[in-house]
Amino acid sequence: MNKTDYKTLRLEIQDGIAQIILSRPPANLIDYDLTHEYLSALDAADNDHSVRVIILRGEGKGLSGGVDIRFLEKFGPTEMKEFLSLFYIKTVERVRALNKPIIAAVHGYAREGACTLAFACDMIIASDDADFGYPGVPNLASPPGMHVWFLQKLIGRMKAAKLILTGDPISANEANTLGLVTDVVPKERLLQHTITLSKRIAEHSPHALKITRELMYRVEDMSFNQVPPTALDAMAVAFGSEDSIEARKAFNEKRKPVWKNT
């Protein structure tokens, strides 16, 4: 097992899976240090050719209680804008630009900025004790930043408005009903379920995973008439790759493919 030490998190790499584990007790609160280290861990996992899938999870009682309000207490508008430019914008942009899938495994609480980290991922596996909340309006007297965009994209304006304006958390099961999470599993099975799913995905062509993620995010905000040429171009490029040729050959020969485009 490959381990890299940080102050606020751990990066563990084993069997093609990189786990980024938030570890800033007692609540894994987010500040500059954790944000910089998360970006560094993402870079390390993305640049490691042995890694096929990345998992984000938290240590202790939950993923994270969100941004550390004690850290924000003395911030004025300029300091807040600088921090959020790093945390909201650069972090989300970095996750979307990854060359490999990332899955959040969420147990316990996920609040505000923790929801940003989770919803920026490609999938979220939640334990049955997890809940999600956006207390920016009651706790900061402020709109909850990127959540305004994330939530409206994921569940529509009406449902998003209730979560944002009340600040009330919702359970994992309710989040699942709304389409905010991928799966809900018993707490004791959370990590194993996430690793099993990650290993299934890791069996696929790294090149196919990379270009498929790129296509997903590229077409997300396109009008329909822009989608067909973009999708056709992506598929045409994929079909010319060594991995696509190998996939078709392996299927016809009834054997496992051997990927070359790492």
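Structural data are supplied above this passage.
Heads up: these notes are all about the structure in this document. (Residues numbered from 1 in each chain as written. Predicted model: local features only at pLDDT ≥ 70, side-chain atom pairs only at ≥ 80, totals over all residues. Heavy atoms only, no water.)

1. Remarks on the layout of surface pockets
With a probe scaled to a water molecule rolled over the atoms, the places where space remains empty come into view.
Stage number 1. Approximately 340 Å³ is the volume found for the largest pocket.
Stage number 2. Secondary structure elements with two or more residues in the lining of the largest pocket: α3 (77–96), α4 (113–119), β8 (123–127), α6 (147–155) and α10 (206–219).
Stage number 3. Residue contributions to the lining of the largest pocket peak at four residues, all from α6.
Stage number 4. For the lining of the largest pocket, a count of residues per class yields 14 nonpolar, two polar and four charged.
Stage number 5. Here the second largest pocket defines a volume of roughly 250 Å³.
Stage number 6. As for the second largest pocket, its lining consists of 20 residues, and the residues nearest its centre are V67, I69, L72, E112 and L140.
Stage number 7. Secondary structure elements with two or more residues in the lining of the second largest pocket: α2 (69–72), α3 and α5 (136–140).
Stage number 8. Among the elements that line the lining of the second largest pocket, the one with the most residues is α3, at four residues. (1 Å grid on protein atoms, 1.4 Å probe; cavity = no way out; pocket = protein on both sides within 12 Å on 5 of 7 lines; lining within 4 Å. Points joined across faces, edges and corners; volume = space filled by probe spheres on them. Helix = DSSP H or I, 4+ residues; strand = E, 2+ residues; numbered from the N terminus. Nonpolar A, V, L, I, M, F, W, Y, C, P; charged D, E, K, R; others polar.)

2. Quick notes on the pairing of strand β2 (residues 9–14)
Looking along a regular strand, one sees the side chains alternate between the two faces of the sheet.
Stage number 1. In this sheet, strand β3 (residues 17–22) lies alongside β2 in antiparallel orientation, the contact comprising six bridges. Within β3, the residue paired with L9 across the bridge is L22.
Stage number 2. The turn joining β2 and β3, which pair antiparallel and follow one another in sequence, is formed by two residues; a positive phi near 55° is taken by D15. (Pairing = 2+ DSSP bridges.)

3. Side note on the nonpolar core
Stage number 1. In this structure, I20, Y38, V106, F132 and L180 are the most contacted members of the largest nonpolar core, which totals 51 residues.
Stage number 2. Counting residues in each nonpolar core, the second largest holds 13 residues, with I103, A105, L197 and L209 among its members. (Core = buried A, V, L, I, M, F, W, Y, C linked by side-chain atoms within 4.5 Å. Buried < 20%, exposed > 50% of the residue type's maximum accessible area, 1.4 Å probe, protein only.)

4. Re helix α12 (residues 242–252)
Stage number 1. Along α12, the residues classified as buried are D243, S244, E246 and A250. The arc that holds every buried residue of α12, seen down its axis, measures 160°, which confines them to one face.
Stage number 2. Each element contacted by the buried residues of α12 is listed here: α10 and α11 (227–239).
Stage number 3. Just downstream of α12, K254 is the residue with a positive phi angle, here 55°. (Arc of directions from axis to C-beta. Contact = heavy atoms within 4.5 Å.)

5. Topic: the pairing of strand β4 (residues 53–58)
Stage number 1. For β4, a buried count of six out of six residues is recorded, marking the element as mostly surrounded by other parts of the structure.
Stage number 2. Here β4 shows a buried face lined by V53, I55 and R57 and a second buried face lined by I54, L56 and G58.
Stage number 3. Note that the unit made of β3, helix α1 (residues 32–47) and β4 has a crossover that is right-handed.
Stage number 4. Pairing of β4 with strand β6 (residues 102–106), which is carried by four bridges, proceeds in the parallel orientation. Each residue of the ladder has a partner; that of R57, found in β6, is A105. (Right-handed = clockwise from strand over helix to strand, strands pointing away.)

6. Things to note about the sheet that holds strand β9 (residues 131–133)
Stage number 1. Here we have four strands laid out as an open sheet, ordered β5-β7-β9-β10, and mixed in their pairing. In this open sheet, the two edge strands, each paired with only one partner strand, are β5 (62–64) and β10 (170–171).
Stage number 2. Here β5 runs beside strand β7 (residues 109–111); their pairing, made up of two bridges, is parallel. Across the sheet, the residue bridging to G62 is Y109, located in β7.

7. Here we look at the pattern of salt bridges
Note that side chains of opposite charge can pair when their charged atoms are close.
Stage number 1. Per the stated rule, a full pass over the model turns up 17 salt bridges.
Stage number 2. Put simply, E246 and R255 hold a salt bridge, and the shortest N to O gap is 2.7 Å.
Stage number 3. Residues joined in a network through salt bridges with shared partners are R24, D31, D68 and R70. (Salt bridge = Lys/Arg side-chain N within 4 Å of Asp/Glu carboxyl O.)

8. Thoughts on unusual backbone geometry
Stage number 1. Each neighbour pair has its own omega, and for P25 with P26 the value is 5°, a cis peptide bond.
Stage number 2. Within the fold, P26 resides in the loop between β3 and α1.
Stage number 3. Residues other than glycine seldom take positive phi values, yet D15 does so here, at roughly 55°.
Stage number 4. Structurally, D15 can be placed in the loop between β2 and β3.

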